Amino acid sequence: MKRVLIVGSPGAGKSTFAQRLAERTGLPLVHLDDLYWDKGWKPVERERWLSRLSDALAGERWILDGNFSATLLLRAYQADTVFFLRPPRWLCLWRAFWRERLGRYPHGGHPPKWPSRALLLDIWQFSWQGEWQLAQLRTVPGLRLIVLRSDREIERAL
C-alpha cells in the first residue's frame, strides 16, 4: 500500500480513518477539502484545484481523503488501494450534526456551524451515489477495493 484513497459519505469517518491510517503506515496524508476549499468554504478556481490535485497525485506515496466524484477515476487510476467507508446513513447524519455543532471539523480551518441543507442532502443521497462510485472503482484494473460498512470493520482494517 503506497497510494491510498479513502472515500465515502460525509460523516462516514473518512478523515478520522485517514489520520489513523497515516499514523500507522507513515504515508503522507492529504485532505482533498484542503486542496479544494479556501477560507469560508469558498471553492478555489477549477484550474487551481486541478493543479493542486495533480501535485498531490504526483507523489510516490500518499493517502488522499475525500470524495469529489468528478475526479474519482483520475485518482483511482493513480492509487493502488481504496478504502470505501459505507456506514449506515443514520450514523453519517448523526456524526455530521455533532461534528458541525461541536466545531470538530477533522482537519480544521473552518468555523463550526449547523450542517447545511446541501451536506444533509449529500449524506441522504449517498446510498445510490455510493453504488455508482463503487461501480466506477470496480472498472480500474489492479485496484484493491476494500468496503468497510461499520466501525467494527474499520477497526479491523486498521
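A few points on the structure. Numbers given to residues run from 1 along each chain, matching the order in which its sequence is written. Predicted model: local features are reported for residues with pLDDT of at least 70 only, side-chain atom pairs are reported and counted for 80 or more only, and whole-chain, interface and lining totals are derived from all residues. Calculated side-chain values reflect all of the structure's heavy atoms, with hydrogen atoms and water omitted.

**Details of the sheet that holds strand S7 (residues 144–148)**
Next up, step 1: Paired strands are those between which DSSP finds at least two bridges. Think of it this way: any DSSP run of H or I at least four residues long counts as a helix, any run of E at least two long counts as a strand, and we number them from the N terminus. Overall, parallel pairing links the five strands, which are arranged S2-S5-S1-S6-S7 in an open sheet. What marks the edges here is a single partner per strand, and that holds for strand S2 (29–31) and S7. For this sheet, the mean inter-axis angle between neighbouring strands, taken without regard to orientation, is 15°.
Next up, step 2: With four bridges joining them, strand S1 (residues 3–8) and strand S5 (residues 62–65) adopt parallel strand pairing. Within the sheet, the bridge partner assigned to Leu5 lies in S5 and is Leu64. With axes taken as lines fitted to C-alpha atoms, and helix axes fitted only over the stretch in contact, angles between N-to-C directions fall between 0 and 180 degrees.

**Some points on the environment of Ser150**
Next up, step 1: Counting through the fold element by element, Ser150 comes out in the loop between S7 and helix H7 (151–157).
Next up, step 2: Residue classification places Ser150 among the partly exposed residues on the basis of a relative accessible area of 25%.
Next up, step 3: Taking the C-alpha atoms as reference points, Ser150 and Leu91, separated by 59 residues in sequence, lie 9.6 Å from one another.
Next up, step 4: Pairing of N or O atoms within 3.5 Å defines a polar contact, subject to two protein rules: one partner must be a possible hydrogen donor and the other a possible acceptor, and residues neighboring in sequence count only if both atoms are side-chain atoms. For Ser150, the side chain forms a polar contact with the main-chain nitrogen of Glu153, separated by 3.1 Å. With a 1.4 Å probe rolled over the protein chains alone, any residue whose accessible area is under 20% of its type maximum counts as buried; one over 50% counts as exposed, and the rest are partly exposed.

**Topic: helix H3 (residues 46–57)**
Next up, step 1: A helix is expected to span 1.5 Å for every residue after the first. Taking 1.5 Å of rise per residue, twelve residues should cover 16 Å, and H3 covers 16 Å from first to last C-alpha, within 8% of that figure.
Next up, step 2: Residues of H3 that are buried: Trp49, Leu53, Ala56 and Leu57. For H3, the arc enclosing every buried residue in end-on projection is 95°, short of the 170-degree limit, so these residues lie on one face. Seen from the buried face of H3, the exposed residues on the opposite side, beyond 90 degrees, are Glu47 and Asp55.
Next up, step 3: Contact between two residues is taken to exist if any of their heavy atoms lie within 4.5 Å; hydrogens are not considered. Against S1, S2, helix H2 (32–36), S5 and helix H4 (72–76) lie the buried residues of H3. Summarising the geometry, the arc corresponds to the directions from the helix axis toward the C-beta atoms.

**Thoughts on the packing of aromatic side chains**
Both the distance between ring centres and the angle between the ring planes are used here to describe each pair of aromatic rings.
Next up, step 1: Two rings from Phe, Tyr or Trp (for Trp, the six-membered ring) form a pair when their centres are within 6.5 Å of each other. A pair whose planes differ by under 30 degrees is stacked, one over 60 is edge-to-face, and the rest are tilted. One pass over the structure, following the stated rule, counts five aromatic pairs.
Next up, step 2: Three or more aromatic residues link up through ring pairs in this structure, and these residues are Tyr36, Trp37, Trp49 and Phe68.

**Here's the deal with the pairing of S1**
Next up, step 1: Of all six residues in S1, six are buried, a share of seventy percent or more.
Next up, step 2: Every second residue of S1 is oriented toward a common face, with Arg3, Leu5 and Val7 on one face and Val4, Ile6 and Gly8 on the other, all of them buried.

**Quick notes on the side chain of Arg86**
Next up, step 1: Within the secondary structure, Arg86 sits in the loop between strand S6 (81–85) and helix H5 (89–102).
Next up, step 2: Side-chain polar atoms of Arg86 contact the side chain of Glu131, separated by 2.9 Å.
Next up, step 3: When near neighbours in sequence (up to four residues on either side) are disregarded, Arg86 contacts Phe126, Ser127, Gly130, Glu131, Leu134, Val147, Leu148 and Arg149.

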